[in-house]
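These are the residues of each chain, in order.
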Amino acid sequence: MARTIVGLEITEEGVRAAEVTTGRTPALVASGSVPLPPGAAKDSEVFDADAVAIALKQLWSRAGIRGREVVLGLGSRRILVREYTTQSMKPELLRQALPYQVHDLLPVPPDQAVLDFYATSQVGDQVSGLLVAAVAETVEGLIAAVAKAKLSVEVVDLAPFGLARAASRVVGPDETVAAFHLGDHTSYVVVLQGGVPRFVRIIPVDIVTSAVRAREVAALTDGAASDDAGSDVLEIDVPALETVPPAEAPMRRLRSGARVARPTGMTEQATADLVARLRSTLTFYADRTGERPVTRVLLAGAGAAAPGVAEALAASLPIPVESLSAAQIITGKTVPDGEHGLDLLSTVGLALGDAR
């Protein structure tokens, strides 16, 4: 079997991974996701390393993932991503100089941060790009949780860069495109010019995805279990929590005397607020001096499949809004489509960065 690399993301709702072959024509060989118990992780930060490690072991087993080397994606509101310009120098010298150059921009002291610089352009001896800063303790906690599952983190990457890498496969050399990943609780926007990320914003926002609804139903059933055993029983459908392997939705039994309500989707107001935040992000980018206008929006993530979200966004923007799934950017025998394909796009993109 060809060498593979695995893209991995850990979110509040679960863990998901995509195993991709290396070489000139990468292919997806395995993928999937497994839910996490409440409180195990949030916003790319681990609170229960044992629970995360158990979920990762389940994911590797059920999805048939063989690779043990992973590219770990970070997508957190606590990560600083901003435009930065510095003097051109060798990469190793820049790594040494960066903590001293940007110390006043960081939310924590430089020795408590993990720094990276993604160069996008150069004029004379000045190079411009994106400065990325994460809290070292958070990154170390993630790596430690992954190690508990007997996996090795080869690279820590920014999840929006994974999204950009995936989207660049369908972006023309002269195109300026905005790629949105709409997650359960954290979304991000990346503007690409000719496939190169020029602008990144990470947005904390809750979206009622199928994973969120499944967790709500599980909480309701747990709460109902302690009710009067003599009450009438009401059966409701619960969306499958795990996408590996696909399974029919299980049935849970609820006591009718518990007055349990069926979880609902996004309200009109919540959808409007989400759309307003995404639209204002594009407006902020458009107002910057000298930037080429965005010509279309590529929509990914589980939130893109939430009822009414994509339609509301398309209705609010004067440019085309298109869905982008993993099946549109990579081949393989088991490339998922639907919501899982949308959610897996950035995860595949993480693996593609090390698959060339």
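The rules behind these values
- Residues numbered from 1 in each chain as written.
- Predicted model: local features only at pLDDT ≥ 70, side-chain atom pairs only at ≥ 80, totals over all residues.
- Heavy atoms only, no water.
- Pairing = 2+ DSSP bridges.
- Helix = DSSP H or I, 4+ residues; strand = E, 2+ residues; numbered from the N terminus.
- Axes fitted to C-alpha atoms, helices over the stretch in contact; angles between N-to-C directions.
- Contact = heavy atoms within 4.5 Å.
- Phe/Tyr/Trp six-rings, centres within 6.5 Å; stacked < 30°, edge-to-face > 60°.
- Buried < 20%, exposed > 50% of the residue type's maximum accessible area, 1.4 Å probe, protein only.
- pLDDT = per-residue confidence, 0-100.
- Expected span 1.5 Å × (residues − 1).
- Polar contact = N/O pair within 3.5 Å; in protein donor to acceptor, adjacent residues only side chain to side chain.
- 1 Å grid on protein atoms, 1.4 Å probe; cavity = no way out; pocket = protein on both sides within 12 Å on 5 of 7 lines; lining within 4 Å.
- Points joined across faces, edges and corners; volume = space filled by probe spheres on them.
- Nonpolar A, V, L, I, M, F, W, Y, C, P; charged D, E, K, R; others polar.

**A closer look at the sheet that holds strand E8 (residues 152-158)**
Judged by pairing direction, the sheet is mixed, and its five strands sit side by side in the order E3-E2-E1-E4-E8 without closing on themselves. A single partner strand is all that each edge strand has here, and the edge strands are strand E3 (28-35) and E8. Between one strand and the next, the sheet's axes are offset by a mean angle of 20°, whatever the strand orientation. Where strand E4 (residues 69-74) meets E8, six bridges bridge the pair, whose relative direction is parallel. Residue pairing across strands places Leu 74 opposite Leu 158, the latter belonging to E8. Sheet strands in contact with helix H3 (residues 136-148) are strand E1 (4-10), E4 and E8, and its direction is about 145° off that of E4. Strands E1, strand E2 (14-21), E3, E4 and E8 of the sheet are contacted by helix H8 (residues 338-352), whose axis makes an angle of about 55° with E2.

**Describing the packing of aromatic side chains**
Tallied over the entire structure, the rule returns four aromatic pairs. A centroid spacing of 4.9 Å and a plane angle of 40° characterise the contact between Tyr 118 and Phe 161, whose relative ring orientation is tilted. Within this pair, whereas Tyr 118 is found in strand E6 (residues 113-123), its partner Phe 161 is found in helix H4 (residues 159-167), the two being separated by 43 residues in sequence. For Tyr 118, a relative accessible area of 31% translates into the label partly exposed. Residue Phe 161 is classed as buried on the basis of its relative accessible area of 7%.

**Brief notes about the confidence of the model for the protein**
Detailed reading of the predicted coordinates is not advisable wherever pLDDT is low. Per-chain confidence: the protein averages 86 in pLDDT, with 87% of residues scoring 70 or above. Per-element confidence in the protein ranges from a low mean pLDDT of 34 for strand E13 (residues 251-255) to a high of 98 for helix H1 (residues 49-63). Predicted confidence for residues 230-263 stays below pLDDT 50, and this span has 71 contacts to residues more than four positions away or in other chains.

**Focus on the sheet that holds E6**
Taken in spatial order, the three strands of this open sheet run E5-E7-E6, and their pairing is antiparallel. In the strand order of this sheet, the two ends are held by strand E5 (80-87) and E6, each with one partner. The mean inter-strand angle of the sheet, taken between neighbouring strand axes irrespective of direction, is 30°. The sheet contact formed by E5 and strand E7 (residues 126-135) spans eight bridges and is antiparallel. Bridged to Gln 87 within E7 is Gln 126. Across the face of the sheet, H3 comes into contact with E6 and E7 while running at roughly 65° to E7.

**A few points about H1**
If you check H1, its first and last C-alpha atoms are 21 Å apart, about what 15 residues at 1.5 Å a residue would give, namely 21 Å. Here H1 has its buried residues at Ala 51, Val 52, Ala 53, Ala 55, Leu 56, Leu 59, Trp 60 and Ala 63. Those residues of H1 that are buried lie in contact with E1, E2, E3, E4 and H3. At the N-terminal boundary of H1, the capping side chain belongs to Asp 48, with an oxygen 3.3 Å from the backbone nitrogen of Asp 50. One or two residues past the end of H1 sits Gly 64, with phi positive at roughly 75°.

**Focus on empty space enclosed by the protein**
Enumeration according to the criterion identifies two cavities of 30 Å³ or more in this entry. Taken as a whole, the largest cavity encloses approximately 230 Å³ of empty space. In terms of lining residues, the largest cavity is bounded by 20 residues, among which Ile 10, Thr 11, Glu 12, Gly 75 and Thr 186 are the most central. For the lining of the largest cavity, the secondary structure elements donating two or more residues are E1, E4 and strand E10 (186-193). Split by residue class, the lining of the largest cavity holds five nonpolar, eight polar and seven charged. Quantified by volume, the second largest cavity comes out at close to 70 Å³. Together, Asp 43, Ser 44, Glu 45, Leu 74, Ser 76, Arg 78, Ile 79, Ala 134, Val 135, Thr 138, Val 139 and Leu 142 line the second largest cavity. Listing elements by their share of the lining of the second largest cavity, those giving two or more residues are E7 and H3. In terms of residues, the lining of the second largest cavity owes the most to one element, H3, which gives three residues. The residue inventory of the lining of the second largest cavity, partitioned by class, reads six nonpolar, three polar and three charged.

**Observations regarding the pairing of strand E9 (residues 176-181)**
The two faces of a sheet get side chains in turn, since along a regular strand they alternate between them. Of all the six residues making up E9, six are buried; the element is thus mostly covered by neighbouring parts of the structure. Neither face of E9 is open: one carries Thr 176, Ala 178 and Phe 180, the other Val 177, Ala 179 and His 181, and all of them are buried. Here E9 pairs with E10 via six bridges, running antiparallel. For Val 177, the partnering residue across the bridge sits in E10 and is Leu 192. Here E9 folds back onto E10 in antiparallel fashion, the turn holding four residues.

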